[in-house]
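Summary of the model geometry
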2 protein chains.
Amino acid sequence: MEKSEATTIEIAESSKERKGKAPLLGAPVAFEQAKVAGYKRGVAIFDLILRISAATAALAATITMGTTEQTLPFFTQFFQFQASYDDLPSFTFFVIAMSIVTGYLVLSVPFSIVCIARPVAVAPRLLLILCDTLTVTLATSAAGSSAAIVYLAHNGNSDANWLAICQQFTDFCQKTSGAVVASFVAVVLIVFLVVLSAIGLKKH
Amino acid sequence: MEKSEATTIEIAESSKERKGKAPLLGAPVAFEQAKVAGYKRGVAIFDLILRISAATAALAATITMGTTEQTLPFFTQFFQFQASYDDLPSFTFFVIAMSIVTGYLVLSVPFSIVCIARPVAVAPRLLLILCDTLTVTLATSAAGSSAAIVYLAHNGNSDANWLAICQQFTDFCQKTSGAVVASFVAVVLIVFLVVLSAIGLKKH
């Protein structure tokens, strides 16, 4: 009895390899395992789709912010009015952080594919949930800090005597706002990824 | 044979209730289950400690930011120079968001205690990981946006013609910086909570 118990546990861990060797009495267990594997494979496929969408959103945010530049059509003898992302430290942080997030999301696609190929494997899924959690923090802090600066550029602040600059740099403000929105879309998608990985870990 | 398999699965789901009724042949399984339960209980206790620490850090951040106020010792005939958190929208968002985070962390303590009492239960742990992930996003966005404004208050920005206000409002700047640091401590602790919940979900 104890021995057959050990066999079923091993089937749970590597169902594919053992299926051929398993004794006949393991058949209902193998069926149960196949059902769980199918459920986990569905979760993994959804994970891959979400991951690619999040990578696209993060890439769009990075490129939009990184290429934003505006030169005003008027200038004085000594000075030309120009704005680009590296004038504001928060926007520089945004570009760096979102590049890292995009890079991570692209590099994590193979791990997501491993989760589809081996649905009951725990290690790659745990690695993904760990890195995804760190990534969501990085992406959110970049999005939050840039949102604060974009808000300030649009509205200014009379108490601190900071004037709104969006009356002059309209294009610049529109593009940076777009980048911030794209980064928040990426954040929402990565949050879904973490939740999905947790649900995928749950049952096995 | 199929019937005994069903029994062991039911033991896995509610080990305490069934232990008395289980046949003798289930003994090694019960031992295995007790070991897993002990491991999960350890994770849950660590979760509770981290949760209380995070709540404390979030509470400290909220109170520091919410009570910060500075009136300069000089004034003109029409105007008195004063700074408080509600002069800057990002700081207002910070206070609101961190209050919500503190409230959630305090309210989630009973669920964490449920995880200690019933270590193999999946539902409360899954609920915690879901809400923790949402909370980490809220806390990080508050911390990030306030960090951007604090940085601006310290350093100013010559390109946008925003002057540093920390030369005048030294106390105000020190306290808000402290609040931002406390909020980042809370963020790190909540990230650990999410990772810990994922590890707790892994094995059962």
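Residues numbered from 1 in each chain as written. Chains lettered and ligands numbered in written order. Predicted model: local features only at pLDDT ≥ 70, side-chain atom pairs only at ≥ 80, totals over all residues. Heavy atoms only, no water.

Time to look at helix H5 (residues 109-117) of chain B. Every buried residue of H5 of chain B is listed here: Val109, Ser112, Cys115 and Ile116 of chain B. Buried residues of H5 of chain B, seen end-on, are gathered within an arc of 110° and therefore sit on one face of the element. (Buried < 20%, exposed > 50% of the residue type's maximum accessible area, 1.4 Å probe, protein only. Helix = DSSP H or I, 4+ residues; strand = E, 2+ residues; numbered from the N terminus. Arc of directions from axis to C-beta.)

Per the counting criterion, the structure on display carries four salt bridges over all chains. The closest approach of N and O atoms between Asp47 of chain B and Arg51 of chain B, which form a salt bridge, is 3.1 Å. With Asp47 of chain B and Arg51 of chain B both in helix H3 (residues 27-67), this residue pair falls four residues apart, about one helical turn. The same class applies to Asp47 of chain B as to Arg51 of chain B, namely buried. The structure contains a network of salt bridges with shared partners spanning Asp47, Arg51 and Asp132 of chain A. (Salt bridge = Lys/Arg side-chain N within 4 Å of Asp/Glu carboxyl O.)

The next thing to look at is the UniProt feature "transmembrane region" (unreviewed entry) in chain A. All names here are of chain A. The residues that UniProt annotates with the feature "transmembrane region" (unreviewed entry) are residues 48-68, 88-114, 126-153 and 179-201. Counting secondary structure, residues 48-68 comes out at 95% helix and 0% strand; the distance between its end C-alpha atoms is 30 Å. The distance separating the terminal C-alpha atoms of residues 179-201 is 33 Å; by composition the span is 100% helix and 0% strand. (UniProt positions renumbered as here; feature names shortened; annotations may be inferred.)

One finds Met98, Leu105 and Trp162 of chain A together with Met98, Leu105 and Trp162 of chain B to be the most contacted residues of the largest nonpolar core, which totals 100 residues. In contact with Trp162 of chain A, other than residues within four places in its own chain, are Leu152, Gly156 and Asn157 of chain A together with Leu88, Ile149, Leu152, Ala153, Trp162, Leu163 and Ile165 of chain B. With 11 residues, the next largest nonpolar core counts Ala198 of chain A together with Leu126, Val194 and Leu201 of chain B among its residues. (Core = buried A, V, L, I, M, F, W, Y, C linked by side-chain atoms within 4.5 Å. Contact = heavy atoms within 4.5 Å.)

On the surface, Ile45, Phe46 and Ile49 of chain A cluster together into a nonpolar patch covering about 280 Å² of accessible area. By the element assignment, Phe46 of chain A lies in helix H3 (residues 27-67). (Patch = residues over 30% accessible without salt bridge, like charges linked within 9 Å, V, L, I, M, F, W, Y side chains within 5 Å. Areas by Shrake-Rupley, 256 points an atom, 1.4 Å probe, with all protein chains shown as cover.)

The next subject is the packing of helix H4 (residues 89-107) of chain B against H5 of chain B. Residue and element names in this part refer to chain B. At a closest axis distance of 4 Å, the pairing of H4 and H5 adopts a crossing angle of 30°. When the axes of H4 and H5 are compared, the pair comes out roughly parallel. Contacts between H4 and H5 pair Leu105, Val106 and Leu107 from the former with Val109, Pro110 and Phe111 from the latter. Taken together, the residues of the contact of H4 with H5 break down into six nonpolar, no polar and no charged. (Axes fitted to C-alpha atoms, helices over the stretch in contact; angles between N-to-C directions. Parallel < 35°, antiparallel > 145°, perpendicular 65-115°, else oblique. Nonpolar A, V, L, I, M, F, W, Y, C, P; charged D, E, K, R; others polar.)

The next point concerns the relation of the copies chain B and chain A. When chain B is fitted to chain A, the residual RMSD is 0.0 Å, and the transformation amounts to a turn of 180° plus an axial shift of 0.0 Å. Classification of the inter-copy transformation places it as that of a two-fold axis. Among all C-alpha atoms of chain B, that of Ser145 of chain B lies closest to the rotation axis, at 2.0 Å. When the interface residues of chain B are mapped onto chain A, 100% of them are again interface residues, pointing to one common binding face. (Least-squares fit on C-alpha atoms with pLDDT ≥ 70 in both.)

With that out of the way, let us pick up the side chain of Ser197 of chain B. Here Ser197 of chain B is to be found in helix H7 (residues 170-202). Classification of Ser197 of chain B as buried rests on a relative accessible area of 1%.

Another aspect to go through is the interface of chain B and chain A. Facing the 44 residues of chain B at the interface are 44 residues of chain A. Interface of chain B and chain A: buried area, both sides summed, is about 3,700 Å²; carbon and sulfur atoms make up 77% of it. On inspection of chain B and its partner chain A, the count reaches zero salt bridges. Seen at the junction of chain B and chain A, the total is four residue pairs in polar contact (both at pLDDT 80 or more). Contributions of two or more residues to the side of chain B that touches chain A are made by helix H1 (2-13), H3, H4, helix H6 (123-155) and H7 of chain B. Ranked by the residues each element gives to the side of chain B that touches chain A, the list is headed by H6 of chain B, at 16 residues. (Buried area = accessible area lost by both parts, 1.4 Å probe. Polar contact = N/O pair within 3.5 Å; in protein donor to acceptor, adjacent residues only side chain to side chain.)

Residues and elements named next belong to chain A. Locating Thr102 in the fold gives a position in helix H4 (residues 89-107). Residue Thr102 is classed as buried on the basis of its relative accessible area, which comes to 9%. Filtering out sequence-adjacent residues up to four positions away, Thr102 remains in contact with Ala55, Ala58, Leu59 and Thr62.

Residues and elements named next belong to chain A. Within the secondary structure, Phe91 sits in helix H4. A residue is classified by how much of its surface remains accessible, and Phe91, at 1% relative accessible area, is buried. A C-alpha to C-alpha distance of 9.7 Å links Phe91 and Val180, two positions 89 residues apart in sequence. For Phe91, the contacting residues outside a window of four places in its chain are Met65, Tyr85, Ser146, Ile149, Val150, Phe172 and Thr176.

Under the criterion given, the structure shown has four cavities of 30 Å³ or more. Taken as a whole, the largest cavity encloses approximately 50 Å³ of empty space. What lines the largest cavity is Val194, Val195, Ala198 and Ile199 of chain A together with Leu126, Ile129, Leu130 and Thr133 of chain B. Sorting the residues of the lining of the largest cavity by element identifies helix H7 (170-202) of chain A together with H6 of chain B as the ones contributing at least two each. When the residues that make up the lining of the largest cavity are grouped by side-chain class, the tally is seven nonpolar, one polar and no charged. (1 Å grid on protein atoms, 1.4 Å probe; cavity = no way out; pocket = protein on both sides within 12 Å on 5 of 7 lines; lining within 4 Å. Points joined across faces, edges and corners; volume = space filled by probe spheres on them.)

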